[in-house]
Amino acid sequence: MKWITAIIKPFTLDDVREALGEAGVQGMTVTEVKGFGRQRGHTELYRGAEYVVDFLPKLKIELAVSDEQADLAIDAITSAARTGKVGDGKIFVSELEQVIRIRTQEVDADAL
């Protein structure tokens, strides 16, 4: 099993959710986050004054998938979230040791 964490631009969420649904992913957690990568924020003008936006708004998507679904999920996220511009985001993939569904106490693949 894999734990996939993706950081994406907020306006790509609907496309990513739809692509993951088509890939067979049944659930995900979405969190509003702020951060920066190589782009290091940017400057904006507001009422004639220039100010620096250090942390940019992003969304963090987290999902647990079987080993077989991992490549499909990664492809779905990359194709739906890619704009070709700086700041498209990143995907982190980790091994997932154990999953337990609280309601039924199913474990691992049965709990996904």
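- Under the annotation held in an unreviewed UniProt entry, the protein carries the name P-II family nitrogen regulator and is attributed to Dyella mobilis.
- Quoted verbatim from the Sequence similarities (unreviewed entry) heading of the UniProt record, the comment on the protein is "Belongs to the P(II) protein family."

### Comments concerning the pairing of strand E5 (residues 56-65)
Moving on, step 1. Of all ten residues in E5, seven are buried; the element is thus mostly enclosed.
Moving on, step 2. For strand E1 (residues 2-8) and E5, the ladder comprises seven bridges, and the chain directions are antiparallel. Within E5, the position partnered with isoleucine 7 by the bridge is lysine 60.
Moving on, step 3. The sheet contact formed by strand E2 (residues 29-35) and E5 spans seven bridges and is antiparallel. By the bridge assignment, valine 33 is partnered in E5 with lysine 58.

### Structural notes on the nonpolar core
Moving on, step 1. Formed by 19 residues in total, the largest nonpolar core has its most connected members in Ile8, Val16, Leu20, Leu63 and Ile77.
Moving on, step 2. Elements represented by at least two residues in this core include exactly E1, helix H1 (13-22), E5 and helix H2 (67-81).
Moving on, step 3. Top element by residues in this core is H2. It accounts for six residues.
Moving on, step 4. Excluding residues within four positions of it along the chain, valine 16 makes contact with Ile8, Ile61, Ile77, Ala80 and Ala81.

### Things to note about the pattern of salt bridges
Moving on, step 1. Considering all chains together, one arrives at five salt bridges under this definition.
Moving on, step 2. The salt bridge involving lysine 2 is made with glutamate 95; its shortest N-O contact spans 2.2 Å. Highlighted residues: lysine 2 in strand E1 and glutamate 95 in strand E6 (residues 89-95), separated in sequence by 93 residues.
Moving on, step 3. Residue aspartate 14 pairs with arginine 17 through a salt bridge whose shortest N-O separation is 3.3 Å. Of this pair, aspartate 14 and arginine 17 both sit in helix H1, three residues apart, which is roughly one turn of the helix.

Criteria and thresholds
- Residues numbered from 1 in each chain as written.
- Predicted model: local features only at pLDDT ≥ 70, side-chain atom pairs only at ≥ 80, totals over all residues.
- Heavy atoms only, no water.
- UniProt positions renumbered as here; feature names shortened; annotations may be inferred.
- Buried < 20%, exposed > 50% of the residue type's maximum accessible area, 1.4 Å probe, protein only.
- Helix = DSSP H or I, 4+ residues; strand = E, 2+ residues; numbered from the N terminus.
- Pairing = 2+ DSSP bridges.
- Core = buried A, V, L, I, M, F, W, Y, C linked by side-chain atoms within 4.5 Å.
- Contact = heavy atoms within 4.5 Å.
- Salt bridge = Lys/Arg side-chain N within 4 Å of Asp/Glu carboxyl O.

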